[in-house]
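Summary of the model geometry
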2 protein chains.
Amino acid sequence: MATGALPPSGDLVLTPGRPRPKKGIGASRGGFGAGEDKSPARPAPSGFRLNALRLPPRAPPARRRSAASLGGCVGREFEEKMPAVRMLQHVVGQLLLGPACGCRTSALPARSLGASPWQIPANANFHSASFSETDQPRVLITGGLGQLGVGLANFLRKRFGKDNVILSDIRKPPDHIFQSGPCIYSDILDYKNLREIVVNNGITWLFHYSALLSAVGEANVSLAKAVNITGLHNVLDVAVEHGLRLFVPSTIGAFGPTSPQDPTPDLCVQRPRTIYGVSKVHAELMGEYYHYRYGLDFRCLRYPGIISADSQPGGGTTDYAVQIFHDAVKNGKFECNLKPSTRLPMMYIDDCLRATLEVMEAPAESLSMRTYNINAMSFTPEELAQEVHKHIPEFQITYNVDSARQAIADGWPVSLDDSNARKDWKWKHDFDLPELVTTMLNFHGSDTRIAQAN
Amino acid sequence: MATGALPPSGDLVLTPGRPRPKKGIGASRGGFGAGEDKSPARPAPSGFRLNALRLPPRAPPARRRSAASLGGCVGREFEEKMPAVRMLQHVVGQLLLGPACGCRTSALPARSLGASPWQIPANANFHSASFSETDQPRVLITGGLGQLGVGLANFLRKRFGKDNVILSDIRKPPDHIFQSGPCIYSDILDYKNLREIVVNNGITWLFHYSALLSAVGEANVSLAKAVNITGLHNVLDVAVEHGLRLFVPSTIGAFGPTSPQDPTPDLCVQRPRTIYGVSKVHAELMGEYYHYRYGLDFRCLRYPGIISADSQPGGGTTDYAVQIFHDAVKNGKFECNLKPSTRLPMMYIDDCLRATLEVMEAPAESLSMRTYNINAMSFTPEELAQEVHKHIPEFQITYNVDSARQAIADGWPVSLDDSNARKDWKWKHDFDLPELVTTMLNFHGSDTRIAQAN
């Protein structure tokens with residue numbers, strides 16, 4: 001497998017052309033929101049024909065430098081306005097000069113670092129020329145109020161320090177989350193907002209959790225296209241412009257009925273039939289394209305259904321496997337919207353968050369690919385119910401199948417082949433079905449006891 | 001292979017939510033352009049959580065009905081503003097009533113059919129309630145001034161009549177094209193413009209040829225994202241809203257270095273490393289998603305490199321195989337930008353256009369899939385030069401390899417497995433290498449003689 005279809009070049013420009021920021025709505029693994037951009041549209045090029053190829057630039061590291069200091073002489077305006085032939089001559093000239101010329105100009109737009117209109121945590125450092133270097137990453141999590149964001153923030157804060165991890169969303173966080181560490185408004189559909197946050201907070205790692213999941217995406221295709229596709233484009237561009245290491249979760253939903261299902265390998269047919277799946281295939285391919293084209297440090301895991309105790313799922317097809325524990329403890333029964341025999345790959349949230357940090361910390365040279373399957377267990381509703389039954393003998397499950405969710409699930413993998421992840425960066429899951437059920441029931445059981453005590 | 005992962009439902013709404021039309025730039029297989037949309041943004045929903053799934057609607061046939069007559073009581077605004085739970089209740093109610101209720105309301109936005117500010121061909125019928133039914137399709141070709149559009153228009157006009165085929169682009173056509181039949185301004189990035197053209201002209205078939213190809217796409221990633229992705233979204237939405245049969249060309253560029261290369265099957269790994277390839281995979285998947293989700297009659301062929309005599313290629317990696325004939329006749333020599341051994345799938349334009357019409361005319365029940373490979377011949381620059389040499393003994397080829405184009409070509413198929421197309425709708429190519437070379441040299445030879453006579 002060739003690892004670089006497009007060679008590095010003379011770095012005429014640092015950034016890929018930026019799409020216009022658009023009015024719109026951002027959402028997370030369960031969270032949504034809106035922002036508005038009032039920037040005037042740039043004049044649009046028209047009527048030109050370009051038969052010559054401009055060689056791909058590769059982004060120089062831009063971490064921990066202020067955007068203002070990077071206002072380069074050769075930028076996006078140049079990219080758009082320069083006639084093609086002159087542009088090609090310029091690139092070829094740069095190429096022939098080679099790296100020895102030292103002319104690695106960048107094209108980040110200059111901007112003043114004034115006060116931000118957004119809510120900035122009191123303990124968030126402003127990014128400036130005096131910003132100190134440190135080995136710790138400065139982390140931004142988008143869509144942070146969905147199923148995984150708060151858990152990831154807590155997990156990362158233990159490793160990197162509370163103030164180095166900023167949770168963001170378009171929704172207002174509950175008080176206990178707001179008080180637990182930096183928490184900020186960000187709208188992935190507002191490119192300028194996103195860029196300001198990255199610059200002001202010296203962000204070096206970005207975990208992009210904003211997305212509409214499978215079931216909720218089918219209920220609002222238009223919003224799913226905006227958030228999952230346009231929003232992703234914004235995040236990719238910000239990440240390239242500022243040299244971020246970028247994590248984007250993909251999913252078992254990125255496969256479809258024509259994919260091998262048991263196990264599903266990393267590389268295979270991917271023709272999903274949900275807008276969520278289609279947009280996640282696009283995210284994988286765009287991220288890898290930006291990696292080969294611009295050197296973006298893009299890392300992506302295909303998550304199974306994630307089971308979490310202290311956060312709600314965000315509208316996915318595997319949500320039943322979270323809800324069942326809550327209902328079992330509270331009511332002793334559960335109505336399942338998938339057939340009893342529907343076998344899907346699942347993972348406990350602690351394994352998921354650890355995998356996410358491990359792939360982000362893996363040395364680049366250990367990664368033979370940029371999008372990995374991760375697998376833990378696969379079970380059916382019937383098997384899960386049997387395991388619950390061992391703890392709660394009176395537990396009863398009934399089935400009221402939702403045909404749309406069932407159709408989605410039927411096109412998904414039964415298990416994922418994650419041998420590449422296990423080989424390349426030593427992925428290993430801790431939780432199988434028995435440990436999962438014990439852990440989840442302990443959590444909900446103690447919750448319930450407390451609730452009953454009150 | 002399941003053919004409908006998502007079942008038809010009670011049709012709460014006809015249309016998928018529409019993305020906001022955006023300011024921007026449209027381009028074709030060689031053609032570009034700009035348009036501006038001044039519509040106010042709709043208020044953005046925020047802060048809601050949807051755990052329930054709204055079942056997918058399926059678009060009822062809307063052909064040959066005026067948009068004004070379809071202004072339904074349940075529409076996009078409803079889709080966006082109705083709280084999730086009420087929406088679900090509504091859908092479930094519709095579902096339980098079933099088709100017997102006859103309540104298949106549609107949600108096309110009402111609009112007045114006033115005079116258009118755009119250039120409308122004098123012979124283009126305005127679409128109205130009195131519009132007569134006919135068996136002939138009414139065809140719109142986007143990106144019509146690229147390599148293939150004019151040839152396709154000529155080909156289709158012979159079959160369907162001159163006035164039933166409208167060529168469109170954002171560029172001003174040369175006089176001879178303008179005078180050859182209906183020719184109109186359309187900008188795929190201006191959704192309203194596109195919709196007005198479809199409605200005013202009673203369009204029933206749309207051939208979507210606007211795209212930035214592989215090499216030119218790498219030279220302007222931002223524009224390629226806008227045209228190839230945002231533009232495609234607009235076209236898909238217009239096609240669903242108006243019940244169009246939609247053709248979108250895909251490409252050998254939709255495969256990559258991890259795809260099987262010789263031959264490349266219809267269903268396999270697709271991880272391309274150009275923005276062109278990434279956007280064409282997205283087009284395939286989105287078109288198929290709209291087919292399963294909304295019943296869109298989406299049809300797609302993966303074109304090899306297309307060799308045309310009377311039109312210029314549009315910035316692809318296989319352009320050399322067009323240019324070589326021109327240079328051979330004019331100068332007796334050619335400098336090739338790919339290595340002599342680079343074997344790629346190629347097709348003469350007549351075969352390509354015939355395949356395109358054949359797949360569009362194929363009965364829906366004959367199509368076992370919606371995206372087909374088509375194959376004709378595969379050759380290397382060296383083999384092509386040898387064949388040219390048989391006609392022009394003094395012809396000389398030299399090589400000056402463009403490393404970026406070579407990298408793209410090295411990731412592409414050597415040949416396509418088109419057995420499904422040959423089985424399902426009886427695809428068969430006419431032109432192999434010897435016929436191709438004879439035909440191309442005859443064309444350029446006569447051209448040159450005329451030019452010399454003048």
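Everything that follows concerns the structure shown earlier in this document.
Residues numbered from 1 in each chain as written. Chains lettered and ligands numbered in written order. Predicted model: local features only at pLDDT ≥ 70, side-chain atom pairs only at ≥ 80, totals over all residues. Heavy atoms only, no water.

Focus: the packing of aromatic side chains
Here is the rule we go by: Between rings of Phe, Tyr and Trp, where Trp is taken as its six-membered ring, a pair exists when centres lie within 6.5 Å; planes separated by under 30 degrees are stacked, by over 60 edge-to-face, and by other angles tilted. Segments assigned H or I by DSSP are reported as helices when at least four residues long, segments assigned E as strands when at least two residues long, and all are numbered from the N terminus. Using a 1.4 Å probe on the protein chains alone, a residue whose accessible area is under 20% of its type maximum counts as buried, one over 50% counts as exposed, and one in between counts as partly exposed. We count a charge as sitting over a ring when the NZ of a lysine or the CZ of an arginine lies within 6 Å of the ring centre and within 35 degrees of the ring normal.
Counted by the stated rule, this structure contains 22 aromatic pairs over all chains. With centroids separated by 6.0 Å and ring planes inclined at 35°, the aromatic side chains of F247 of chain A and Y303 of chain A adopt a geometry described as tilted. Of the two residues, F247 of chain A sits in strand β7 (residues 245-251) while Y303 of chain A sits in strand β8 (residues 297-303), which places them 56 residues apart along the sequence. Take F247 of chain A and Y303 of chain A: they sit in the same class, and that class is buried. Seen in terms of ring centroids, W425 of chain A and W427 of chain A are 6.3 Å apart; in terms of plane orientation they differ by 40°. Their pairing is tilted. The exposure class assigned to W427 of chain A is buried, which follows from its relative accessible area of 2%. Taken together, F160, W205, F207, Y209, F247 and Y303 of chain A form an aromatic cluster joined through their ring pairs. The aromatic ring of Y292 of chain B is capped on one face by R273 of chain A, whose charged end is 3.7 Å from the ring centroid.

Considerations on the sheet that holds strand β13 (residues 377-379) of chain B
Residues and elements named next belong to chain B. For clarity, the threshold we go by: We treat two strands as partners when DSSP finds at least two bridges between them. Axes here refer to lines fitted to C-alpha atoms; in helices the fit is confined to the stretch in contact. Angles between the N-to-C directions go from 0 to 180 degrees. Residue contacts follow a heavy-atom distance rule, with two residues in contact if any of their heavy atoms lie within 4.5 Å.
With mixed pairing, the three strands of this open sheet are ordered in space as β9-β11-β13. At either margin of the open sheet sits one strand with a lone partner, and together these are β9 (305-307) and β13. Within the sheet, the average angular offset between the axes of one strand and its neighbour, ignoring direction, is 45°. Relative to β13, strand β11 (residues 344-348) runs antiparallel, the two being bridged by three bridges. Note on β13: the bridge partner recorded for P345 is S378. Contacts from helix α9 (residues 320-331) reach β9, β11 and β13, with the element oriented near 25° to β9.

A look at the state of the cysteines
To keep things clear, this is the line we draw: Cysteine sulfur atoms that come within 2.5 Å of each other are treated as a disulfide pair.
Applying the stated criterion across every chain yields a total of zero disulfides over all chains. Looking at C268 of chain A, it has no disulfide partner, and the nearest cysteine sulfur is the one in C268 of chain B, 11 Å off. Residue C268 of chain A is classed as buried on the basis of its relative accessible area, which comes to 6%.

That is the geometry; function is a separate question.
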